[in-house]
Structure formats: C-alpha cells, structure tokens
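# Reading the structure
Residue-level listing of the chains:
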Amino acid sequence: MSVAGSTGSIVGRGNEEGAELFREWFEGLGRAAAEDRGAAYVFVMGSLAELLRVFDFPIVFPEINSLQTAVRRVAHELLDEAEDYGYSPDICGYVKADVAVQIRHGEHPMGRVPKPALAVNTNACNTYIKWAEIWERMYDCPTFTLDVPGTRQAGAQTWPGDPTFENDRAYVLAQLHELIGVCEEVSGIPFDIDRLRETMAHANTMSRGWKRVLEINASRPSVFNALTDGTIYLGVANALRGTAEGAEYFDRLVEEMELKSAEGIGTLTEEDYRLIFVGVPCYPIFRRFNELFTEHGGTFVNSTYLWFASGGSNVGFEYDLENPLESLAEGLLITVRDAMDSMFFQTPILTGMIDEFRADGVVYHPIKSCRTVSTGLADSRRDLMEARDIATLFIESDMMDRRVVSEAQLKNRVDAFFEGLASRRHRKMVG
Ligand code: SF4
C-alpha cells in the first residue's frame, strides 16, 4: 500500500489505495480460482463477510464483479451471451453478466472468479434469492437465505429492548446458528468465536469510518464526490469488510477527509450546486455521466446508493464483542433494515440529507434492469416534492445495458435541470 497520494500529500490517497486494495482482492480471487478453492458468494446488502471469514472462504461479490464489467465496457458482450442462453432482456443486468462469467468458467476482465462452494443471501432484494438458485443449479452448491425482518411501515422501526425487536433478534440469531452449521460442513473448519470477534472488531472500525466519511462530506466544499469517489470507497467497504486492511483503509480515509475539510479542499474548483443521487450509477458511461453534472459545477454530496449498497454500514453500527452472535443478529437487523429503508422509505432519509448537506437538488436515476431500486421512484419523487421545495431531476438509463443509455438524451435533460437550478437561485436572490 502506498504511503501517500501521487501529489506527495495525503489528498487523493483514498482513491489510490482503494483501487490498489481492490486489485489485490481480485488477485486473491484469481489465486483461489487457480487452486480450485470454493468461494462464498454473497451480496452487498447483508454480506455476512465477518462471519464467513472465520471459515476462510474467499468472498465473491457477484454484484461488484458485474458492475466492473460495465465500467470496463464489456458488459454488453456478457448480456448478449446470457440472453442467447435464454435469460430475458428485462431482468437484472448483474445477474446476466454473472451468468455469462460462469459460462466462461469464471473469466472476468479483472482476472478469474472462483466457483461457489456456498451462496449466502438476504431478502433485501428478491433477485438475490433467484440468483442464488442459479448457482445452486449450476454447481449443486448449498444456498442459504437469511430472512431479515424489515420495516413494517414508515416510521415503525423498533430498537433493542423493544419486544418486537427482541423477537426479530431471536429469529435472526436462530438463523445464524443454522448458517454456522452449514459453513462448518462446507469448509470443514470448526467455528471459532474468537476469530469472529477479530473480524467483527475490524468491521467496527470500518463502520465507524464509513459513517464519519459520509458525515464529513457535509463540508462546504464537499470533500469527495459521492458518485465517483464514493463508489471506490464503497468497493473497499464491501470487499474488505472484516479485514485488518479494510479497517486501516477507513482510518486513513477519515484522516484524508478530515484534512480536506479543515483546509477547504473540494472536488471541484468551484462548487456551484450540491446534489443528492438516488438510485444506482450509470456504469456503462460512468465517468461521462458524472461529467454531465460537474461541467455545470454540480457535485454529488451524498446518495442513497452509498447507504443501501454498503448494506446499511452508514449507520455506523458497532458490535458488542462480549456478545458476538447476539450482537451480529442485532447489527444485521439494524443495518439490512436501513439498507431496505433507503430504497423503500426514502422521503425522511432524503429530507434529512437535504438539510444536513445543504443540497440544491436531488437526481433520481431509475434503471431498467434493477426493479428493486427503481420501482416506485416516480412516486417517491412526488412524495419528496410535497415534503420539500427542492429541484429534482428524473432520468432513466441502466447500470449495465448500454443499449438503453442515451448520452445525448441524458445531456439534454441534465442541461435543462441546471438551467432550472440557476433560475431558481436567481429568483431566491431577487425575491
Ligand atoms: S435487482 Fe437490483 S438490487 Fe437486486 S441484485 Fe439486481 S441490481 Fe442488485
């Protein structure tokens, strides 16, 4: 790991080190594939990485591998291959890219992905469950679905000590005991609670850091772009969860962000508009998509993506290491629920972000192939506009499929949005 960014200061260090750690993580997967070691396939909303590491599983995040194929501009080949194989054009693009990677025996633009020995998923997205069934059919590997009770209705979340919460905790805890049995059987490694304490301690450091990094971006100017830089940090938050390297990375990232905040170092020469992003990024034209906003002096100060795609780590939940399993159940309930809330009960989250981050606008980006995140976004936008006088933009494309990404159309809509933002600001100044 390099000690400093290429500028000789710590500014930019998080991006460099994040990219390096990510490459190293992928190289590790390549080694596991070469040794024919079976991996644990997991998902970002409730990965359980801290538990799975106790059994020495290489950990594969198929969602991350799939989005990487779009960033590296080969996703369309994989989508075509999966569609030729029989998958419908309108299902989740991540699933189809992964199916094609599996058909290609794990061949991926970043290296080689090992086969699954076990798949662990939560109910945070219904596609997770069907996706895991594909691996079960392909590899005859066990799959485990952890059912995490979500929020029953807006504002009805319960907390430790409340009988409903404690019932839910017992329900999740019973499932964790069952999962531990499956992991022991598949890996041949007995469960070691002290190793779990170690991985949980690293996860604690990471959660604390992730929460702090997100908070610091309320600075004006904002110190990182939630859409671009934030995605790098998010990759580390997922792939290295429960590791010493991941924990150290976040300590160092907090240090960098604190410094940038103290010295007023922002991401743009001039930050004219502070925006919040709702949805999943447009990975097929990732950099250009962001430039459509930065060219107008707009930057993303926060996003719901950094919340749900970190599995709710944004809440900064820290485990009680004296009671690891009970605390793991509690943490899963609180974080996975929060991840689901940031998709399904967005309005209070967005109004809070608008106030705390002094946002000028909210950009909704529903995508064709992720129903979980996109369904209901139009209603969600209306609900927000009733709650707040804030400019919003609603643009549609995809996170994987370049066939439904029209840069020219997006640009027209974004340009018009900024004209609206400018006249809104002018009216406020003269009004
Ligand atoms: S449908 Fe959306 S949330 Fe579910 S796996 Fe696909 S991209 Fe992820």
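Everything numeric in this text was worked out from a predicted model, so none of it was measured.

Right, let's get into the overall build of the chain. Along the backbone of the chain there are 17 helices and ten strands. At 21 Å, the chain has a C-alpha radius of gyration in line with the 22 Å of a compact globule built from 431 residues. Expressed as lengths along the three principal axes of its C-alpha atoms, the size of the chain is roughly 70 × 50 × 50 Å. Put simply, of all contacts in the chain between residues at least 6 apart along the chain, 78% involve residues at least 24 apart. Surface summary for the chain: the accessible area is close to 17300 Å², and the carbon and sulfur share equals 49%. Positive and negative side-chain charges of the chain, numbering 42 and 65 respectively, have mean locations separated by a distance of 5 Å.

Here we take up the sheet that holds strand E6 (residues 143-146). With parallel pairing, the four strands of this open sheet are ordered in space as E2-E1-E5-E6. Bordering the open sheet on either side are strand E2 (59-60) and E6, each of which pairs with just one other strand. Relative to E2, strand E1 (residues 39-41) runs parallel, the two being bridged by two bridges. Bridging from a neighbouring strand, Ala 40 pairs with Ile 59 of E2.

Attention shifts here to the pairing of strand E9 (residues 361-365). Within E9, five of the five residues are buried, leaving the element largely enclosed by the surrounding structure. Burial of the side chains of E9 extends over both faces: Gly 361, Val 363 and His 365 are buried on one face and Val 362 and Tyr 364 on the other. Sheet analysis places strand E7 (residues 273-279) next to E9, joined by five bridges and oriented parallel. Across the sheet, residue Gly 279 finds its bridge partner in E9, namely His 365.

Two numbers describe how helix H3 (residues 62-71) lies on helix H6 (residues 126-139): the axes approach to 13 Å, and their chain directions differ by 90 degrees. As summarised for this structure, H3 and H6 are arranged roughly perpendicular, according to the angle between their axes. Every residue of H6 that contacts H3 at Pro 62, Glu 63 and Ser 66 is listed here: Tyr 128, Trp 131 and Trp 135.

One finds Leu 48, Leu 52, Tyr 94 and Phe 293 to be the most contacted residues of the largest nonpolar core, which totals 143 residues. Ranked by residue count, the leading element in this core is helix H13 (residues 324-344), at ten residues. Residue contacts for Leu 48: discarding those within four places in its chain leaves Val 120, Leu 146, Leu 176, Leu 179, Leu 328 and Leu 332.

Here the focus is the site of the ligand. Taken together, Glu 63, Cys 92, Tyr 94, Cys 125, Thr 127, Tyr 128, Trp 131, Cys 370, Thr 372 and Met 399 make up all the residues around the ligand. Per element, the largest residue contribution to the shell around the ligand is three residues, and it comes from H6. The residue inventory of the shell around the ligand, partitioned by class, reads seven nonpolar, two polar and one charged.

Of the residues in the chain, 98% have a pLDDT of 70 or more, and the chain-wide mean is 96. pLDDT under 50 marks residues 1-6. Its contacts with residues more than four places away, or in other chains, come to 19 contacts.

Okay, the pattern of salt bridges next. All chains considered together, the criterion is met by 31 salt bridges. Across the pair Glu 77 and Arg 104 runs a salt bridge, and its minimum N-O distance is 3.9 Å. Here Arg 104 lies in the loop between helix H5 (93-103) and strand E3 (107-108) and Glu 77 lies in helix H4 (residues 75-85), a separation of 27 residues in the sequence. When its relative accessible area of 40% is taken as the criterion, Glu 77 is described as partly exposed. Glu 291 is the salt-bridge partner of Arg 288, the closest N and O atoms lying 3.1 Å from each other. Taken together, the residues Arg 288 and Glu 291, both in helix H11 (residues 286-294) and three residues apart, mark about one turn of the helix. Sharing partners across several salt bridges, the network here consists of Asp 80, Glu 83, Lys 96, Lys 368, Asp 401 and Arg 403.

Let us now look at helix H16 (residues 377-387). Within the sequence span of H16, burial applies to Leu 377, Ser 380 and Leu 384. Considered in projection along H16, the buried side chains sweep an arc of 55 degrees and stay on one side of the axis. Check the buried side of H16 and you find it contacts E7, helix H14 (346-356), E9, helix H15 (371-374) and strand E10 (391-394).

On to the state of the cysteines, then. Here the structure, examined in full by the defined rule, presents zero disulfides. The thiol of Cys 282 is unpaired, and the distance to the nearest cysteine sulfur, on Cys 370, comes to 14 Å.

A separate point is the sheet that holds E10. Strand pairing in a sheet relies on backbone hydrogen bonds, with the paired strands running either antiparallel or parallel. One open sheet accounts for four strands, arranged E8-E7-E9-E10; its pairing is parallel. Each having just a single partner strand, strand E8 (298-303) and E10 make up the two edges of the open sheet. The sheet shows a mean angle of 30 degrees between the axes of neighbouring strands, taken without regard to direction. Inspection of the sheet shows E9 paired to E10 by four bridges, in the parallel sense.

Calculation criteria
Residues numbered from 1 in each chain as written. Predicted model: local features only at pLDDT ≥ 70, side-chain atom pairs only at ≥ 80, totals over all residues. Heavy atoms only, no water. Helix = DSSP H or I, 4+ residues; strand = E, 2+ residues; numbered from the N terminus. Rg over C-alpha atoms; globule rule 2.2 N^0.38 Å. Contact = heavy atoms within 4.5 Å. Areas by Shrake-Rupley, 256 points an atom, 1.4 Å probe, with all protein chains shown as cover. Lys, Arg positive; Asp, Glu negative; His and termini not counted. Charge placed at Lys NZ, Arg CZ, Asp CG, Glu CD. Pairing = 2+ DSSP bridges. Buried < 20%, exposed > 50% of the residue type's maximum accessible area, 1.4 Å probe, protein only. Axes fitted to C-alpha atoms, helices over the stretch in contact; angles between N-to-C directions. Parallel < 35°, antiparallel > 145°, perpendicular 65-115°, else oblique. Core = buried A, V, L, I, M, F, W, Y, C linked by side-chain atoms within 4.5 Å. Near = heavy atom within 4 Å. Nonpolar A, V, L, I, M, F, W, Y, C, P; charged D, E, K, R; others polar. pLDDT = per-residue confidence, 0-100. Salt bridge = Lys/Arg side-chain N within 4 Å of Asp/Glu carboxyl O. Arc of directions from axis to C-beta. Disulfide = S-S within 2.5 Å.

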